[in-house]
Amino acid sequence: RQRRSRAPVSGAPQVGTNMTELTNAQRYARGIDVLRRLGGPDYDVQLKAAAETAPDLARLTVEFAYGDVIARDGLALPLRQVVTVAALLGHRNAERQLRYHMVGYLNAGGEPRTLIELLFVSIAVLGFPVAIHAIALLRDIFKERGIEQARVAPREDDGSASFAAGRAAMARMLGDADASEAEWHAQSAVFAQWTVAF
């Protein structure tokens with residue numbers, strides 16, 4: 001069997017290695033390697049804290065969550081971190097982990113603006129409270145890292161441009177925007193207008 005050749009880091013097995021071929025020690029080494037990339041110098045602070053109470057929980061976190069899942073091929077590490085941040089936003093009760101993975105996304109080479117845009121998506125899916133809470137975390141992270149972000153300019157039109165842009169997005173995503181909007185109108189015209197424009 002041929003495998004893609006990637007140089008192992010820190011003694012961990014190659015990223016393309018089949019999971020069933022790894023020993024627990026190799027899975028752990030692979031997980032630690034990913035944690036170092038995401039967490040920076042203090043990558044193991046939370047891990048050590050967990051190990052004081054539940055050593056097996058800490059070990060399984062490294063072996064499975066990082067060694068098996070996060071280290072998989074198929075998605076680039078920054079994209080996996082975006083997915084992780086999005087999932088944690090939905091949790092609404094995992095602030096420490098959310099902050100860790102926002103930082104991990106940046107450490108993996110992700111763009112700060114992507115995290116900002118993710119909060120806009122979270123408004124539509126999860127609501128304003130989630131985004132407003134997360135923006136405070138993000139602001140602190142940016143300040144600590146010296147990241148200067150240009151402010152996103154507010155729209156100054158009467159709303160018609162937003163509505164047109166929303167209709168165009170619906171057409172791309174749903175195919176038949178007219179049918180979807182008509183269905184929403186049947187329930188509430190105001191709801192339909194807000195959904196399209198916002």
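Above this text is the structure in question.
Residues numbered from 1 in each chain as written. Predicted model: local features only at pLDDT ≥ 70, side-chain atom pairs only at ≥ 80, totals over all residues. Heavy atoms only, no water.

Participant: Could you clarify how one ought to interpret unusual backbone geometry in this entry?
Facilitator: What is expected of a backbone is that most residues other than glycine have negative phi and most peptide bonds are trans. The phi torsion at Arg-92 lies on the positive side, around 70°, for a residue other than glycine. Inspection of the secondary structure assignment puts Arg-92 in the loop between helix 4 (77-91) and helix 5 (95-107). (Helix = DSSP H or I, 4+ residues; strand = E, 2+ residues; numbered from the N terminus.)

Participant: When you look at the packing of helix 2 (residues 45-53) against helix 3 (residues 55-70) in this model, what are you seeing that I'm missing?
Facilitator: The angle between the axes and the distance between the axes are what describe a pair of packed helices. Between helix 2 and helix 3, the least distance of the axes is 5 Å, while the angle of their chain directions is 140°. One way to sum up the angle between helix 2 and helix 3 is to call them oblique. On the side of helix 2, the interface is formed by Leu-47, Ala-50, Ala-51 and Thr-53, while helix 3 contributes Pro-55, Ala-58 and Val-62. Of the residues in the contact of helix 2 with helix 3, the class split is six nonpolar, one polar and no charged. (Axes fitted to C-alpha atoms, helices over the stretch in contact; angles between N-to-C directions. Parallel < 35°, antiparallel > 145°, perpendicular 65-115°, else oblique. Contact = heavy atoms within 4.5 Å. Nonpolar A, V, L, I, M, F, W, Y, C, P; charged D, E, K, R; others polar.)

Participant: Help me out: how do you make sense of the packing of helix 5 against helix 7 (residues 128-145) in this one?
Facilitator: Interhelical geometry of helix 5 versus helix 7 gives an angle of 45° and a closest axis separation of 10 Å. One element, helix 5, and the other, helix 7, form an angle in the oblique class. As for how helix 5 packs across helix 7, the hand of that crossing is right-handed. Residue-level contacts link Glu-95, Leu-98, Arg-99, Met-102, Val-103, Leu-106 and Asn-107 of helix 5 to His-133, Ala-134, Leu-137, Leu-138, Asp-140, Ile-141, Phe-142, Glu-144 and Arg-145 of helix 7. Residues of the contact of helix 5 with helix 7, tallied by class, amount to nine nonpolar, two polar and five charged. (Left-handed = near helix turned anticlockwise from the far one by under 90°.)

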